[in-house]
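So the chains spell out like this:
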Amino acid sequence: MKKERPNSFVIAEAGKCIGCKACELACFAVHNRDNGVAAAVGTVTVPVIPRLHVIRTDSFTMPVQCRHCENAPCAGVCPVQAIVQEEGAITINEDRCIGCKACAMACPFGAISLYKAYSSGQEHKQPHLRERLDGRLERKTRVIAYKCDLCHDITHSGNIASGESAAAAVNNSGSPSEGGGEPVPACVSVCPEQALMLVSPSLGESRSRKAAGLRL
Amino acid sequence: MTNKVLTICPYCGSGCHMNLLVEDGKVVGAEPADGRTNEGNLCLKGHYGWDFLNDPQILTARLRKPMIRKEGVLREVSWEEAIQFTAEKLTAIKEKYGPDAIMGTGSARGPGNEANYVMQKFMRAVIGTNNIDHCARVCHGPSVAGLTYSLGDGAMSNSIPEIEDADLLFIFGYNPAVTHPIVARRIVKAKEKGATIIVSDPRKTELARIADTWLPLKGGTNMALVNAFGNVLIEEELYDKDYAANYVEGFAEYKESVKKYTPEYAESITGVKADDIRKVMRQYAKSNKAMILYGMGVCQFAQAVDVVRGLASLALLTGNFGRPGVGIGPVRGQNNVQGSCDMGALPNVYPGYQSVTDPKIRKKFEKAWGVMLPDKIGYHLTEIPHLVLKEDKVKAYYIFGEDPVQSDPNAAEVRETLEKMEFVIVQDIFMNKTALHADVVLPATSWGEHDGVYSSADRGFQRIRKAVDPPGDVKPDWQIITELATAMGYPMSYRDTEEIWDEMRALSPKFAGASYKKMEEQGGVQWPCPTEDHPGTPYLYEGNRFSTPNGKGRLFACEWRAPLEQPDQEYPLTLSTVREVGHYSVRTMTGNCRALSKLSDEPGYIQISPGDASSLGIEDGQLVRIISRRGRIVARAQISDRVKTGATYMTYHFWIGACNELTGDALDPISKTPEYKYCAIRLERIPDQLRAEQKVREQYESLRKQMHVGAGQA
């Protein structure tokens, strides 16, 4: 029987992050292969929509992303049940999302953002809702909630929480790179400072307990 | 099938190894490779900075055919016509005004070392002048001059991998989180290993944030601070007395010069607390392995060479040379700016830093090249506007792989200079602002389309390789120059870049043993590498023998001079030019990379403090007007609490928010490097934001049209 584990999550060390946004771009690239970002030629029409956000204040810099909460408050407030737990991650069904922003307000980490929806490199227009633009009624573009999905079905191999150096990283065609090891999200494998890691906790265990005990 | 081609990244001097992924003759991706400096890591430019090769025409279009200006318009012509026309014009100008009326540049970017060797040979042997220089002049020129004076070699004395093993890192006017993320990685690792990090910078940079001590000095006060450091080392007898006695000269004069710069006196100039000055110097002197790393915050002032020598003096006084993990590192900004200096694309030296004024050396090159060579040092790049506009001395300009209208200070003056010249040649891969003033445009192959060698910032020769065929009718830079030389009556021909390289190293003792074969086997060769059986040199000055004439390190200090243009009532703020991590240089490359240009695009940004923003009524993200005595532009406000009141920062990457329309042309008296880091400006709020946004969009469109976007086939 498979051992029950809490959800994994990506976390950054502010002491290593240099704010270069390689993670944001890697995230954007692997999630937008259908929007022409992976292709070698042609124009990228979609704006950079990362699912993690590098924040910078006076005293710290680091990317903030979803913690994949075990009792996810975002899912609790979603009126259309678009947010579910599946395969070790909390994910948003972007087709189902109505853009009500409740999840973004409920998230204590600010890990959810709303942006326009795109498909095949074009803004995704809704069938019914119209908006008035320059005096004309136009179909309004869908706006949906985006957040980290742990690169769900597009994972990569390389450095994981063990701290091994990134022997492999995401390439632009979005295919998993060689290198073996556990699959990791694109942001983790691309970070040149190894400031990001995928943490896979176990129930009842603590990574820091032993270290704390040794310091006593 | 995906084919992998191992090469070196074309951005910054970190010299990262990477594979280009090629499918059906097109580059479709990049992945890191295990290089000496990058160990399987790339920054975002390395990962996402390759697709300009596929000519997406976002900012500007690839040049595909030679062009000659006819009736005021650049018209496509054949290579024969372009070469013939250029050769005839240059020959005529040389005959009429003499060889010194012609100026040429090297290129610190894509072309590689071989093309730079051929270019300086062309200027010296074919034209007959030492008027060759390149963008190192506007960058680490002061390092080359200052470190050559102090230590003998104008380069990093240490290596990038050694950084993580230092006990103390003293980072001065250098922001590697933005300019060299892969070097920043070593600094982060050093901190993890327990090193003390000291950062001196007016802005709270990412490294200032993680530093043990941050010295937030006032812009333009470097020399006062560096002198105070020397003062503490001597007054508190922290310096290494044996080392100073045996390996260093000029102690008595140095001591006298720094006497007046007590920490308290320096505090009154720099704003850095006297106690902090004492504290960091005690730490620096006590450390077993202390390393200094510095960047443009030292070099882009009108007092730059002096500060470089002053920093080198600190390392000399404390005996921090001749071992791994110590020394002084000017970390070079462009991928091959070390290389174009190595190759002698400088007005005073042949390849391998051999002086043009030394008769013995000149004779060696005369014999090898079969012509008499000029014995006078040539013009500096930054003197050209004055030499053209005021003295009428330079008539022709061969601009190879540079865009001075975008990169050099006081853009209006640069444009006027180019307009006044009789003949301007632009050789590049992209249409650019400078090419708008060209009489001839010669299209060249890009990185990824040719072979060669780049020099990383830490003196490492590494091979770049051709991955794909170029689009259109373009040629490698070295081949264009050899065809021009031949048309001017000096037959030049090479089979490949290796033949050029072998000619170069046969003439350059420092590089003599750095063969293609050795680079292949070792992954790279760090100079000096004097013989075939020498593996190369990770750190300089083994045995504390310096490369100065008498083998001793030279101490230096002098009076601090304030920057030339001070803020006043009309222009109350200061402007310093900086970099942004996702873009590179004049943006012809990264501006044509789809993901990078999406991350940040025109008109660019101006960083301002929250205090100045609120007193001017400016909100974050709004367009603002920025005005100096030399020009006016529009850019987007970026309000940052890491910026001090009164100071502003812009990057020189952007074409609409082009900060060099504003910057001044004050120069360092020795290196002739401009004061990019300090000029006075005024900010104005724009009430009608909608109209301003519309105007920026229109400006971008018209700029793209000028850059031939959409004109040719994509």
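You'll find the structure just up there.
All of these numbers come straight from a predicted model, not from anything done at the bench.

Conventions used here
Residues numbered from 1 in each chain as written. Chains lettered and ligands numbered in written order. Predicted model: local features only at pLDDT ≥ 70, side-chain atom pairs only at ≥ 80, totals over all residues. Heavy atoms only, no water. 1 Å grid on protein atoms, 1.4 Å probe; cavity = no way out; pocket = protein on both sides within 12 Å on 5 of 7 lines; lining within 4 Å. Points joined across faces, edges and corners; volume = space filled by probe spheres on them. Nonpolar A, V, L, I, M, F, W, Y, C, P; charged D, E, K, R; others polar. Pairing = 2+ DSSP bridges. Helix = DSSP H or I, 4+ residues; strand = E, 2+ residues; numbered from the N terminus. Axes fitted to C-alpha atoms, helices over the stretch in contact; angles between N-to-C directions. Parallel < 35°, antiparallel > 145°, perpendicular 65-115°, else oblique. Left-handed = near helix turned anticlockwise from the far one by under 90°. Contact = heavy atoms within 4.5 Å. Buried < 20%, exposed > 50% of the residue type's maximum accessible area, 1.4 Å probe, protein only.

Colleague: Hey, could you run me through empty space enclosed by the protein in this one?
Modeller: Over the atoms, a rolling probe the size of a water molecule traces out where space has been left empty. All names here are of chain B. The full count for this structure, using the stated rule, is eight cavities of 30 Å³ or more. In this structure, the largest cavity occupies an estimated 180 Å³ of space. Forming the boundary of the largest cavity are 19 residues, of which Arg109, Gly110, Gly401, Asp428 and Ile429 lie nearest the centre. When its residues are assigned to classes, the lining of the largest cavity shows six nonpolar, eight polar and five charged.

Colleague: So what exactly am I meant to see when it comes to the pairing of strand 4 (residues 67-70) of chain B here?
Modeller: As a general feature of sheets, a regular strand has side chains that alternate between the two faces. All names here are of chain B. Of the pairings in the sheet, the one linking strand 4 to strand 5 (residues 73-76) comprises four bridges and is antiparallel in character. Opposite Ile68, over in strand 5, you have Arg75 as the bridge partner. Between the end of strand 4 and the start of strand 5, which pair antiparallel, lie two residues, with Glu71 showing a positive phi angle near 45 degrees. Across two bridges, the pairing between strand 4 and strand 18 (residues 440-443) is antiparallel. By the bridge assignment, Met67 is partnered in strand 18 with Val441.

Colleague: Would you explain the packing of helix 8 (residues 222-235) of chain B against helix 10 (residues 251-258) of chain B in this entry?
Modeller: Geometrically, a packed helix pair is captured by the angle between its two axes and the distance between the axes. Residues and elements named next belong to chain B. At a minimum axis separation of 9 Å, helix 8 and helix 10 run at an interaxial angle of 115 degrees. Judged on the interaxial angle alone, helix 10 and helix 8 are roughly perpendicular. The two elements helix 8 and helix 10 cross, and the hand of that crossing is left-handed. Facing helix 8, whose interface residues are Asn227, Gly230, Asn231 and Ile234, helix 10 presents Phe251, Tyr254, Lys255 and Val258. For the contact of helix 8 with helix 10, the per-class residue count stands at four nonpolar, three polar and one charged.

Colleague: Could you clarify how one ought to interpret the sheet that holds strand 12 (residues 290-294) of chain B in this entry?
Modeller: The strands that make up a sheet pair up through hydrogen bonds in the backbone, lying either parallel or antiparallel. Residue and element names in this part refer to chain B. Read from one edge to the other, the open sheet built from five strands follows the order 10-9-8-12-13, with strand pairing classed as parallel. The open sheet has two edge strands, strand 10 (213-215) and strand 13 (327-330), and neither has a second partner. Taken pair by pair, the neighbouring strands of this sheet meet at an average axis angle of 15 degrees, ignoring direction. For strand 8 (residues 168-172) and strand 12, the ladder comprises five bridges, and the chain directions are parallel. Counterpart to Ile171 in the pairing with strand 12 is Leu293. Where helix 12 (residues 274-286) meets the sheet, it contacts strand 8, strand 9 (196-200), strand 10 and strand 12, and its direction lies at approximately 125 degrees from that of strand 10. Sitting on the sheet, helix 14 (residues 305-317) touches strand 8, strand 12 and strand 13, and the angle it makes with strand 12 is about 170 degrees.

Colleague: Got a minute to help me understand the packing of helix 11 (residues 263-270) of chain B against helix 12 of chain B in this structure?
Modeller: Residues and elements named next belong to chain B. The interhelical angle for the contact between helix 11 and helix 12, taken along N-to-C directions, is 120 degrees, at an axis separation of 8 Å. Comparing the axis directions of helix 11 and helix 12 gives the class oblique. The two elements helix 11 and helix 12 meet at a crossing, and its hand is right-handed. Contacts between helix 11 and helix 12 involve Pro263, Glu264, Ala266 and Glu267 from the former and Ala274, Ile277 and Arg278 from the latter. Of the residues belonging to the contact of helix 11 with helix 12, the class tally is four nonpolar, no polar and three charged.

Colleague: It is not clear to me how the environment of Tyr490(B) should be interpreted in this structure. Could you clarify?
Modeller: Residues and elements named next belong to chain B. Within the secondary structure, Tyr490 sits in the loop between helix 20 (477-487) and helix 21 (497-507). With 363 residues separating them in the primary sequence, Tyr490 and Ile127 have C-alpha atoms 9.7 Å apart. In contact with Tyr490, other than residues within four places in its own chain, are Lys121, Ala125, Val126, Trp369, Val371 and Ala485.

Colleague: Just checking my understanding: could you explain the pairing of strand 5 (residues 89-92) of chain A for this structure?
Modeller: Residue and element names in this part refer to chain A. Because side chains alternate across strand 5, one face comprises the buried residues Ala89 and Thr91, and the other comprises Ile90 and Ile92, equally buried. Inspection of the sheet shows strand 4 (residues 83-86) paired to strand 5 by four bridges, in the antiparallel sense. Directly across from Val84, in strand 5, lies its bridge partner Thr91. Linking strand 4 to strand 5, which pair antiparallel, is a turn of two residues; within it Glu87 sits at a positive phi near 45 degrees.

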